[in-house]
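The residues making up each chain are set out below.
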Amino acid sequence: MAKRTAGGKHNLSGDWTISGVMSQVDSLSDSLQKGGTGRKKNLHVDCARISNIDMSGLQLLHVWIECARMRGISPQLVNLPDGMQETIRRLGLGKCFTDSYPDAA
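What this report covers is the structure whose coordinates are included nearby. Here the structure is a predicted model, which is why all the values come from computation and not from measurement. Within each chain, residue numbers correspond to sequence positions counted from 1 in written order. Totals for whole chains, interfaces and linings use every residue, but because this is a predicted model, local features are given only for residues with pLDDT of at least 70 and side-chain atom pairs only at 80 or more, for both listing and counting. Note: side-chain values were computed over all heavy atoms of the structure, leaving out hydrogens and water.

**Side note on the overall build of the chain**
And step 1. Along its length, the chain carries four helices and four strands.
And step 2. In the chain, the succession of α and β elements from N to C terminus is β-β-α-β-α-β-α-α.
And step 3. Using a 1.4 Å probe on the protein chains alone, a residue whose accessible area is under 20% of its type maximum counts as buried, one over 50% counts as exposed, and one in between counts as partly exposed. When each of the 105 residues of the chain is scored for burial, the buried share is 40%.
And step 4. Working rule for contacts: check all heavy atoms of both residues, and any pair within 4.5 Å makes them a contact. Look at the contacts in the chain between residues 6 or more apart in sequence, and 73% of them connect residues 24 or more apart.
And step 5. For the chain, the computed accessible surface area is about 5900 Å², with 51% contributed by carbon and sulfur atoms. Only DSSP runs of H or I with at least four residues qualify as helices, and only runs of E with at least two residues qualify as strands; both kinds are numbered from the N terminus onward. We get accessible surface area from the Shrake-Rupley algorithm with a probe of 1.4 Å; when it comes to residues, only the shown protein chains can shield them.

**Section: unusual backbone geometry**
The phi torsion of most residues other than glycine is negative, and most of the peptide bonds are trans.
And step 1. Phi at Asn79 takes a positive value of approximately 55°, unusual for a residue other than glycine.
And step 2. Within the fold, Asn79 resides in the loop between strand S4 (73–78) and helix H3 (82–90).
And step 3. Owing to a relative accessible area of 48%, Asn79 belongs among the partly exposed residues under this scheme.

**Quick look at the pairing of S4**
And step 1. Here S4 shows one buried face, formed by Ile73, Pro75 and Leu77, and one open face, formed by Ser74, Gln76 and Val78.
And step 2. Note: strand S3 (residues 41–53) against S4, six bridges, orientation parallel. Bridging across to S4, Lys41 finds its partner in Ile73. In this scheme, strands are said to pair when DSSP sees at least two bridges between them.

**Quick look at the side chain of Asp46**
And step 1. Locating Asp46 in the fold gives a position in strand S3.
And step 2. In this structure Asp46 comes out as buried when scored by relative accessible area, which is 10%.
And step 3. Beyond its immediate chain neighbours, meaning those up to four positions away, Asp46 contacts Lys9, His10, Asn11, Leu12, Val78 and Asn79.

**Here we look at the environment of Met22**
And step 1. Structurally, Met22 can be placed in helix H1 (residues 22–35).
And step 2. On the accessibility criterion, Met22 (63% relative accessible area) is exposed.
And step 3. Taking the C-alpha atoms as reference, Met22 lies 9.6 Å from Ser56; in sequence the two are 34 residues apart.

What follows is the structure, given as structure tokens:
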């Protein structure tokens, strides 16, 4: 689930595997709708509460990040759990996240 907090921060949580990713779509979509457009905004995306993630979840997160960029928002992933970092590396997806998470490369 994506929850917007004060100060340009989003908290992501829950199951981001193929079995849980559909429940994430609506909250991500809502968060972009409320994010607006206009001047460049920084957005910290806190991933600490993501309990599990796989290729499906990473694909959704990547698309959401790109959609945010098209709206003038500059997302920065923070607090990635070790399991999430390992999944990014294991699947060879580091290049997909280098702009939003420099340690992914």
